[in-house]
Amino acid sequence: MTTPTVPTEAPLILDSTLREGEQTPGVAFSIEEKVQIARLLDAFGVAIIEAGHPAVSPEVRAGVRAVVDEGLDASILAHSRALREDIDLVLATEADRIGLFFCVRDAALEARFRKDIDAAERLVVDAVEYAVDHGLKVRYTPEDTVRSDFRKVVRIANAALTAGAERISIADTCGAMDPFRMQRFVTDLRQEVDAPMNVHCHNDLGLAVANSLAAWHSGVTVIDTCVNGLGERCGITDLASLTTAIQTLHGIGPWDLTLLPELSETVARHARVPVPVQAPVVGRTAFSHNAGLHVSAVLLDPSHYENISAARVGRQRELVLDRFAGLPTVRYRLARLGVHATDEEAGAVLRLIKQSEAREVNDDGLSEVWARATGRAITGIVTTQDPAIAPTGDVAVARTD
Ligand code: HCA
Ligand code: CU
């Protein structure tokens, strides 16, 4: 196996929040919500938006059409089975691109489709030719690519390319890969299939982002993502983690990372799926420091405990006040409420917090503790972020190349 070199060009992002993301159990977006999410994805800088699977329902078709009608910079892809009647539904939406999928895994050919590989090839070739003849740009995915017989994948992919497909997608449909296997799979496939490649990684083992990066390092140029890592079961590659990793570790990628909090919050609200508090980049505690030792070091130089700066991804650093905190946190949090405490006052506040049962002291709790410690009230709380106390500037970032 050849050792992949670090790519010099960022991958294109194909965001599938509106298709794969809507397949998250319990999730349905209204058309207005889809349009709002699509606009944000476009402003963020994704190259392709997968807007839905038109054969599912008239609502999904209307959603794809509404996103197309926005006239965004991103091109719009609709997902479709390899059937002429489904392709007609895609054509009616006026999407630019179609993502056709058909699985050639032996178990699926035998038990689900009752077809041999010759019949499967005829079906895929017919669908690709039909879509291309009607002006669509075609991506073909041999679904469950990485668990399929390799020779069949090579054969069907090359047949799809000869029929006019412009890109082949490698789907890790069941999240069965690790980065080392992914590197080998992509490298092997690229020896046999000469085409631009896309990757779609499910997160069943928590490795979707890592597998996507491995695929990119091995020559894949389009990566599928979902906001908040939504998708079937454990979801797919998380947009925020992937793009932040590429921009901060490799210094490339056209994306406006400062839009990630709004994207995450908007999708979480519409999907009614909350973001885990410790989610990378967009989770509530992603930029919170807790232990007194950490806080003192961060106030000296954020790079002691930060790999990426909060400001770079549209967030603010938080210093958490609880029994692990030290005086610097107390002073900082009081200063944010407009109170400049003496050493004795800050010490008295800290003693009370350490004695208390509170897991975390918010601003209201802090005002109460302040009142008990000093006998004075804090009036008119205005929370401010004081850059002199907690600088949010960029920090040095590790490079791997
Ligand atoms: C699906 C499965 C899919 C398809 C991906 C693709 C997968 O929901 O139909 O067509 O590129 O994970 O294989 O999402
Ligand atoms: Cu999928």
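Residues numbered from 1 in each chain as written. Chains lettered and ligands numbered in written order. Predicted model: local features only at pLDDT ≥ 70, side-chain atom pairs only at ≥ 80, totals over all residues. Heavy atoms only, no water.

Focus on the domain arrangement of the protein
Using the following cut-off: Where each domain starts and ends comes from a domain assignment, either automatic or drawn from a database.
Domain parsing of the protein yields domain 1 (12-271) and domain 2 (288-400). Placing a centre on the C-alpha atoms of domain 1 and another on those of domain 2 gives a separation of 43 Å.

Let's talk about the coordination of the copper ion (ligand 2)
The condition is simple: In this analysis a donor is any N, O or S atom within 2.8 Å of a metal ion (3.2 Å for sodium, potassium and calcium), and since water is not included, sites may seem incomplete. A 1.4 Å probe rolled over the protein chains alone gives each residue an accessible area, and that area as a share of the maximum for its type sets the label: buried under 20%, exposed over 50%, partly exposed in between.
For the copper ion (ligand 2), the full set of protein donor atoms is Glu20 (OE), His200 (NE2) and His202 (NE2), at a range of 2.1 Å. All donor residues of the copper ion (ligand 2) come from one chain, and their arrangement in sequence is E-x179-H-x1-H. The residues His200 and His202 share a single accessibility class, namely buried.

Describing the site of ligand 1
Quick note on the threshold: A single heavy atom is enough: if one lies within 4 Å of a molecule or strand, its residue is considered near that molecule or strand. Residues adjacent in sequence count toward polar contacts only when both atoms are side-chain atoms; beyond that, a polar contact is any pair of N or O atoms within 3.5 Å, and within protein one must be able to donate a hydrogen and the other to accept it. Areas reported here follow the Shrake-Rupley algorithm with a probe of radius 1.4 Å; residue values treat only the protein chains shown as occluding. Side-chain classes follow a simple rule in which Ala, Val, Leu, Ile, Met, Phe, Trp, Tyr, Cys and Pro form the nonpolar group, Asp, Glu, Lys and Arg form the charged group, and the remainder, Gly included, forms the polar group.
Every residue near ligand 1 is listed here: Arg19, Glu20, Gln23, His79, Phe101, Arg139, Thr141, Glu143, Ala171, Thr173, His200 and His202. Residue Arg139 places a side-chain N or O atom 3.3 Å away from an oxygen atom belonging to ligand 1. Side-chain polar atom of Thr141 to an oxygen atom of ligand 1: 2.7 Å apart, as the coordinates give it. For ligand 1, the accessible surface in isolation is 360 Å², of which the surrounding protein chains cover 93%. Grouping the constituent residues of the shell around ligand 1 by class yields two nonpolar, six polar and four charged.

Examining the packing of aromatic side chains
Heads up, the condition is: Stacked, edge-to-face and tilted labels apply to pairs of Phe, Tyr and Trp rings (six-membered ring for Trp) whose centres lie within 6.5 Å, assigned for plane angles under 30 degrees, over 60, and everything in between, in that order. The helix and strand labels rest on DSSP assignments: H or I over at least four residues marks a helix, E over at least two residues marks a strand, and numbering proceeds from the N terminus.
Under the counting rule described, the total for this entry stands at two aromatic pairs. Taken together, a centroid distance of 5.8 Å and an interplanar angle of 90 degrees make the contact between Phe150 and Phe185 edge-to-face. With a gap of 35 residues between them, Phe150 in helix 6 (residues 150-162) and Phe185 in helix 7 (residues 179-192) connect regions that are remote in the sequence.

So, unusual backbone geometry
The residue Asn228 is not glycine, and still its phi comes out positive at about 60 degrees. For Asn228, the location among the structural elements is in the loop between strand 8 (222-225) and helix 9 (239-250). With relative accessibility at 22%, the residue Asn228 sits in the partly exposed group. Residue Arg272 is not a glycine yet carries a positive backbone phi of 60 degrees. For Arg272, the location among the structural elements is in the loop between helix 10 (260-271) and strand 9 (288-289).

Side note on the environment of Asp343
Residue position: Asp343 is located in helix 13 (residues 343-355). For Asp343, a relative accessible area of 48% translates into the label partly exposed. A distance of 3.3 Å separates the side chain of Asp343 from the side chain of Arg331, its partner in a polar contact.

Some thoughts on the pattern of salt bridges
What counts here: One side-chain nitrogen of Lys or Arg within 4 Å of one carboxyl oxygen of Asp or Glu is enough to make a salt bridge.
Counted according to the given criterion, the structure contains 26 salt bridges. Put simply, Arg155 and Glu121 hold a salt bridge, and the shortest N to O gap is 2.5 Å. Pair noted here: Arg155 is in helix 6 and Glu121 is in helix 5 (residues 117-133), with a separation of 34 residues, a long-range link. What makes Arg155 partly exposed here is its relative accessible area of 34%. Take Glu121: its relative accessible area is 22%, and that puts it in the partly exposed class. A salt bridge links Arg147 to Asp144; the nearest nitrogen and oxygen atoms lie 2.8 Å apart. Through salt bridges with shared partners, one network takes in Arg19, Glu20, Glu50, Arg139 and Asp224.

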